[in-house]
Amino acid sequence: MSPEISLKDVEKRIFQSSIQDGTIEIMVGSVLMMFTIALFLSESLGDFWSTAVILPFLAGMYWLIQVIRKKIIEPRVGIMKYGPYRKTRLKRMKLVMLIFNIAALILGFVSFLDFSILPSWVIPARFSIIVLIGFSLTAYMLEYSRLFLYGIVCSLAIPVGEFLYTRYQVPHHGFPITFGVISGVLISIGTITIWRIYKNNPATAGEDLNG
């Protein structure tokens, strides 16, 4: 094995370790939680404003996660400085995700059109595929396989919610139950992970982890 490949492998392992700090789970869980809350707000505020109201909350959660990383995680596990390979891969991920989000936004607007001629399962199936693709792309670019598992669970939440809606008349297509449960589990996993880092690692001066 060449030294270059060995360094890439070491950097990959350090990077994967650095992102397994629970913050990704908390952020994904927060997005899902706000999605379920928006479903209830849409009855009084409408689809647009119910979404707009939760954006400040998500911005606040992102800020809180950065504070947690700065004050709790970095002093205990160090600061990762990426090498050229990792920087290039992260740039590509941002570009791919930008393209994907634009495509998802377009499909979201298209959903407002009349699809009464299509079978009822087509639209939920399409959104399940979109969710799975989004998580899978992120998991691949970050080389973080756990995100692929989250994508499978979230994509399955849509047909399960539709089943609850058609079989038991659960409101809002059953999404408050399915996504609410997933959100609670992810936030719990993230919180426990951060607590373990806090308890099991003494604070240092924030040692750099150079790729």
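Residues numbered from 1 in each chain as written. Predicted model: local features only at pLDDT ≥ 70, side-chain atom pairs only at ≥ 80, totals over all residues. Heavy atoms only, no water.

K.L.:
Tell me about the overall build of the protein, residues and numbers included.
P.N.:
Looking only at helices and strands, the protein has 6 helices and 2 strands in total. When its helices and strands are written in sequence order, the protein yields α-α-β-α-α-α-α-β. Residues counted as buried form 34% of the 211 residues belonging to the protein. Taking as baseline every contact in the protein between residues at least 6 positions apart, the subset at least 24 positions apart corresponds to 75%. A total of about 13,200 Å² of accessible surface is found on the protein, and carbon and sulfur atoms cover 70% of it. (Helix = DSSP H or I, 4+ residues; strand = E, 2+ residues; numbered from the N terminus. Buried < 20%, exposed > 50% of the residue type's maximum accessible area, 1.4 Å probe, protein only. Contact = heavy atoms within 4.5 Å. Areas by Shrake-Rupley, 256 points an atom, 1.4 Å probe, with all protein chains shown as cover.)

K.L.:
Got a sec to walk through the confidence of the model for the protein? Specific residues and values, please.
P.N.:
With 78% of its residues at a pLDDT of at least 70, the protein reaches an overall mean of 78. Least confident of the elements in the protein is strand 2 (residues 208-210), whose mean pLDDT is 48; most confident is helix 6 (residues 175-200), at 92. Confidence drops under pLDDT 50 across residues 205-211; counting only partners more than four residues distant or on other chains, this segment forms 18 contacts. (pLDDT = per-residue confidence, 0-100.)

K.L.:
I'd like a description of the environment of Val-153, backed by residues and values.
P.N.:
Tracing the backbone shows Val-153 in helix 5 (residues 145-168). Owing to a relative accessible area of 37%, Val-153 belongs among the partly exposed residues under this scheme. Along the backbone, Val-153 and Val-131 are 22 residues apart, and their C-alpha atoms lie at a distance of 9.8 Å.

K.L.:
Hey, could you go over the packing of aromatic side chains for me, with residue numbers and the actual values?
P.N.:
If you walk through the whole model with that rule in mind, you get 3 aromatic pairs. Taken together, a centroid distance of 6.1 Å and an interplanar angle of 80° make the contact between Phe-163 and Tyr-168 edge-to-face. A residue is classified by how much of its surface remains accessible, and Phe-163, at 40% relative accessible area, is partly exposed. (Phe/Tyr/Trp six-rings, centres within 6.5 Å; stacked < 30°, edge-to-face > 60°.)

K.L.:
So what about a nonpolar patch on the surface? Which residues, and what values?
P.N.:
On the surface, Phe-148, Ile-152, Leu-156 and Val-160 cluster together into a nonpolar patch covering about 330 Å² of accessible area. Residue position: Val-160 is located in helix 5. Exposure remark for Val-160: the relative accessible area of 42% places this residue in the partly exposed category. (Patch = residues over 30% accessible without salt bridge, like charges linked within 9 Å, V, L, I, M, F, W, Y side chains within 5 Å. Salt bridge = Lys/Arg side-chain N within 4 Å of Asp/Glu carboxyl O.)

K.L.:
Outline the packing of helix 5 against helix 6, supporting the account with residue identities and numerical values.
P.N.:
For the pair helix 5 and helix 6, interaxial distance at closest approach is 7 Å and the crossing angle is 150°. Taken as axis vectors, helix 5 and helix 6 run roughly antiparallel relative to one another. Crossing of helix 5 against helix 6: the hand is right-handed. Here Tyr-150, Val-153, Cys-154, Ala-157, Ile-158, Val-160, Gly-161, Glu-162 and Leu-164 of helix 5 come into contact with helix 6, specifically with Phe-175, Ile-177, Thr-178, Phe-179, Ile-182 and Leu-186. Considering only residue class, the contact of helix 5 with helix 6 consists of 12 nonpolar, 2 polar and 1 charged. (Axes fitted to C-alpha atoms, helices over the stretch in contact; angles between N-to-C directions. Parallel < 35°, antiparallel > 145°, perpendicular 65-115°, else oblique. Left-handed = near helix turned anticlockwise from the far one by under 90°. Nonpolar A, V, L, I, M, F, W, Y, C, P; charged D, E, K, R; others polar.)

K.L.:
Could you give an account of the nonpolar core, with specific residues and numbers?
P.N.:
Ranked by internal contacts, the top residues of the largest apolar core, which has 23 residues, are Leu-32, Leu-142, Leu-147 and Phe-179. For this core, the element with the most residues is helix 5, which contributes 5 residues. If you look at the next biggest cluster of nonpolar residues, it comprises 6 residues, including Met-61, Ile-65, Ile-73 and Ile-194. (Core = buried A, V, L, I, M, F, W, Y, C linked by side-chain atoms within 4.5 Å.)

K.L.:
Got a sec to walk through the side chain of Ser-128? Specific residues and values, please.
P.N.:
Mapped onto the elements of the fold, Ser-128 is located in helix 4 (residues 122-142). The buried category is assigned to Ser-128, whose relative accessible area is 11%. Each residue touching Ser-128, except ones within four places of it in the same chain, is listed here: Ser-155, Ile-158 and Pro-159.

K.L.:
If you had to explain the pattern of salt bridges to someone new, which residues and values would you point to?
P.N.:
Scanning the model with the defined rule gives 2 salt bridges in all. Ionic pairing is found between Asp-21 and Arg-69, a salt bridge with its closest N-O pair at 3.7 Å. Of the two residues, Asp-21 sits in the loop between helix 1 (3-19) and helix 2 (23-77) while Arg-69 sits in helix 2, which places them 48 residues apart along the sequence. With a relative accessible area of 26%, Arg-69 lands in the partly exposed category. Between Arg-146 and Glu-25 there is a salt bridge; the shortest N-O distance is 3.4 Å. Of the two residues, Arg-146 is situated in helix 5 and Glu-25 in helix 2; the sequence distance between them amounts to 121 residues.

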